[in-house]
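# Inside the fold
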Amino acid sequence: MRLPILTLTAIASLFVAADASAQTYDPRYPVCMHVYSPGGFGGGGGDYYDCSFTSLPQCRATASGRSASCDLNPYYAFDEPPPPPRKRHRKQH
């Protein structure tokens, strides 16, 4: 009786840990909308992030009338300098 209970506990722990550690930020976009949904675990819904916005005004227009807020994406590289130009090597004959 003890083994099935421990097995079920371990499986439930994996599902909870996997859900909590999932990364939903898309580093390609600078703004994310945090949508607050009622329900949560077992009841459907739950909070989620939509990181598909290029500006705060664009995000705020989408979030208008919803239970949501817009924030800067913490994983977007705002201050990252552009990559240096690639040098082309000429073949010598």
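The numbers attached to residues start from 1 for each chain and follow its sequence in the written order. Thresholds applied to this predicted model are a pLDDT of at least 70 for local features of residues and 80 or more for the giving and counting of side-chain atom pairs; totals over whole chains, interfaces and linings are not thresholded and use all residues. Values reported for side chains reflect all heavy atoms of the structure, with hydrogen atoms and water molecules removed beforehand.

The helix and strand tally for the protein stands at two helices and five strands. Per the convention used, a helix needs a DSSP run of H or I reaching at least four residues, while a strand needs a run of E reaching at least two, with both numbered from the N terminus. For the protein, the succession of helices and strands along the chain, N to C, is α-β-β-β-β-α-β. The classification of residues rests on relative accessible area computed with a 1.4 Å probe and restricted to protein chains. Under 20% of the type maximum is buried, over 50% is exposed, and intermediate values are partly exposed. Buried residues in the protein amount to 15% of all 93 residues. The contacts of the protein with a sequence gap of at least 6 include a subset with a gap of at least 24, amounting to 56%. Residues count as neighbours in contact if any of their non-hydrogen atoms are within 4.5 Å of one another.

Take the sheet that holds strand 4 (residues 48-53) next. Spatially, the three strands line up as an open sheet ordered 4-1-5, and their pairing is antiparallel. Each edge of the open sheet is held by one strand with a lone partner, namely strand 4 and strand 5 (68-72). Strand-to-strand twist of the sheet, defined as the mean angle between neighbouring strand axes without regard to direction, takes the value 30 degrees. Relative to strand 5, strand 1 (residues 31-35) is paired through five bridges, and the arrangement is antiparallel. Paired with valine 35 across the bridge in strand 5 is alanine 68. Two strands are counted as paired when DSSP detects at least two bridges linking them. Axis angles are defined between N-to-C directions and span 0 to 180 degrees, where every axis is a line fitted to C-alpha atoms and, for a helix, only to the segment in contact.

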